[in-house]
Amino acid sequence: MTTATADDRQLLDAYVRGGDEAAFAELVRRHQAMMRSAAQRVCGDPEEAQDAMQRALIAFARRAGEIRADLGAGPWLHRAATLEAMALRRQRLKRRAREQDAVAQGRAEAGGMPPELAAELDVAIDRLAAKDRTAIVLHYFEGHSFRAIADKHGGTEMAWQKRGVRAVAKLAAILRRRGVAASATALGGLLAAGRAEAGALPAVLQESLRQPWSAAAPMQGHSLVLLIMKTKLTLALCFLGGAILSYAWTEGPARSGSLAAASSATAPQATRIERDDRREVLVFNLDGLAAAIRRFDALDEDDPSRESQLRALMFSLPADYLAAVRELLGGVRRTERFQAIAASFYARWAELDPEAAWLAAGEEEIFKKAARRGVLLTWLNVAPDVALERLLEAPQDGDLAILQEFIGGKSQHAPRDAARLVDRLTGSWPEADRRLFPQVARAWALKDPAATGDWVASYGDRGVRNQLLRELSQNVARSMGRPGIALADRIDDPPMRTAARLNAARWWGISNGAPALSGKTRNPDVWLDGRFPGDWSIDEIRAFSLGTMANFAKYYPELIAIARGGAQQQAVYEGVIGGASFSQPALVADAVENVDPAFAATASGRKSLTAFILRWTETEPAAAGEWLAAQPANAKTALMREALNR
């Protein structure tokens, strides 16, 4: 595992347990933009926001061990940055005693968000319950999909999506109580559009909807009403990372200082929410989208924020607009800038009519790869069997990467379905089968190791099968314990099977030694239930003991307590010495005294005993010398004295 590929939970664990500075630096890198944005929205000053972020990071370094792993570092850091920013803002307001000046400054820094909302947003978020705050911060501020949040924190994508909707509604209610009038629809659009950019309204969305419109005036382009579903996230959206954005202001009489009063200055006439008895609808027209595309094409430099908003608009296109927008995209000058936008456009087309989109992507000249990617990812997600059949008719360069991206997402939430699709590739596309089979197995094994073992054991290539089972046995043993040993047993090469079982036992101890011995776990497969498994060899007992002592040295007495007979006790002693001789030598002195002197004749024994005496002498020379002097003459003491003399 590297810091770049590890998730927040792993990085936090590495920092808390081992003081891993690289893990701490990676956590800071991932979340500093969100923290700075949150602080800036509260205090309205970039330098003050930087100070608040630095204070929050100092608190994080000091209190990282208190963070709940299931909620992750992001929500904690958001709250810390918000609280520090609030403290700094109070200090500044006391010094200056001019609140209106501070609010005006906040408006200038917030890039267009009404100052009342910019000043109160993060304070209101801090008043949400922990899981509601997690949904807001991870989805709206840091851009994680609800599927990714579910994979990381548990639960289902739909459950987190509903929680996000409820959290926005609660946030709107808190803001209203604090004197900021905002509907849940308006607030959801603002949060989605901001994406940790200090509260700025989506400029491209404004441009696309800014064209004047009147029922009495002749129309210069198409105009229609798009239905906005409160919680709809399209499947293509999940894979391509876009978002359908909308915003509106609270309807009703405007009052001074409210969002409703700000609407007349910020919302163009065409940007309005119309209501009937059952739903809300948004009115906009094609000419506004054409203007936004021209403006983006004319920029001197790339603008990721505007690109993101254009992609979001592509996802909201109705069927009537497809031909016109395709023509608009065909006329842009900076084609490299529009690749992702074209992929989103074709993904939307595939949602509406996948067969037509597939044919159109085949005819595409300017955006050929982007078009094929957009159609394939969406079609595979909507109708995977049909899409795979079309793909296998004439696969092209790049299709395997697209398929791998789709299967990667599929295997995270529906690994059995992903396995079924991979099975279809076995005879028709061997290269894809070789690359995708391990990808699905790795994800599936952590959800259902027994079913994964059956699937992998049926793979035709014996070498690939056994190597993959060995890898899976380690991964599963780290997280679940006993099922990792069972996967190792599926290996049909005896020496490799023996090595895999030893490795799985060691990793079981490294990751779950404490709950395995204490029983403090909800997973019965992790707990040893007061004894070593009856099918474990002496070497496996030694490997588990070594792994446990590497991270859970205080459980040495529990290890000795579950050993049955002299052979198991000797194995525990040897494992204990090997696992903790360098980190906590004084703790294992008892094990050194009790281990058989013959241990000194083995390679692992020589290494462990030497490390034990050298480390103890380095940290506590008087205690180590006194202890060694009191030991009887045997092979162990001779080896240790020789090590000191060298």
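Whatever comes next refers back to the structure up there.
This text gives an overview of the structure that appears in the document. (Residues numbered from 1 in each chain as written. Predicted model: local features only at pLDDT ≥ 70, side-chain atom pairs only at ≥ 80, totals over all residues. Heavy atoms only, no water.)

Let us look at the side chain of Lys636. Among the structural elements, Lys636 can be located in helix 34 (residues 635-645). Of the side chains bearing the opposite charge, Asp596 lies closest to the buried Lys636, which forms no salt bridge; the N-O distance is 7.4 Å. A distance of 2.7 Å separates a polar side-chain atom of Lys636 from the backbone oxygen of Val592. Not counting residues up to four positions away in its chain, the partners in contact with Lys636 are Val592, Glu593, Asn594, Val595, Asp596, Pro597, Ala600 and Leu609. (Helix = DSSP H or I, 4+ residues; strand = E, 2+ residues; numbered from the N terminus. Buried < 20%, exposed > 50% of the residue type's maximum accessible area, 1.4 Å probe, protein only. Lys, Arg positive; Asp, Glu negative; His and termini not counted. Salt bridge = Lys/Arg side-chain N within 4 Å of Asp/Glu carboxyl O. Polar contact = N/O pair within 3.5 Å; in protein donor to acceptor, adjacent residues only side chain to side chain. Contact = heavy atoms within 4.5 Å.)

The contact between helix 22 (residues 415-423) and helix 23 (residues 430-445) brings their axes to 10 Å, and the two run at 165°. Regarding the angle of helix 22 to helix 23, the classification is roughly antiparallel. Considering how the two elements wind past one another, helix 22 and helix 23 form a crossing that is left-handed. Counting all contacts with helix 22, which are made through Pro415, Arg416, Ala418, Ala419 and Val422, the residues of helix 23 involved are Asp433, Leu436, Phe437, Val440 and Trp444. A breakdown of the residues in the contact of helix 22 with helix 23 according to their chemical character gives eight nonpolar, no polar and two charged. (Axes fitted to C-alpha atoms, helices over the stretch in contact; angles between N-to-C directions. Parallel < 35°, antiparallel > 145°, perpendicular 65-115°, else oblique. Left-handed = near helix turned anticlockwise from the far one by under 90°. Nonpolar A, V, L, I, M, F, W, Y, C, P; charged D, E, K, R; others polar.)

Turning our eyes to something else, we now look at the pattern of salt bridges. Counting across every chain of the model gives 29 salt bridges. In this structure, the salt-bridge partner of Asp132 is Arg163, at a minimum N-O distance of 3.2 Å. Taken as a pair, Asp132 in helix 7 (residues 130-141) and Arg163 in helix 9 (residues 157-177) lie far apart in primary sequence, 31 residues in all. Between Arg501 and Glu540 there is a salt bridge, and its shortest N-O distance comes to 2.6 Å.

Right, let's get into the packing of aromatic side chains. One pass over the structure, following the stated rule, counts 20 aromatic pairs. Three or more aromatic residues joined by ring pairs form one cluster here, namely Tyr15, Phe24, Phe60 and Trp76. Arg163 extends its terminal NZ or CZ atom over the ring of Trp160, reaching a point 5.9 Å from the ring centre. In this structure, Arg337 packs its charged tip against the face of Phe296, placed 5.5 Å from the ring centre. (Phe/Tyr/Trp six-rings, centres within 6.5 Å; stacked < 30°, edge-to-face > 60°. Lys NZ or Arg CZ within 6 Å of the ring centre and 35° of its normal.)

What is shown is where atoms sit, not what they do.
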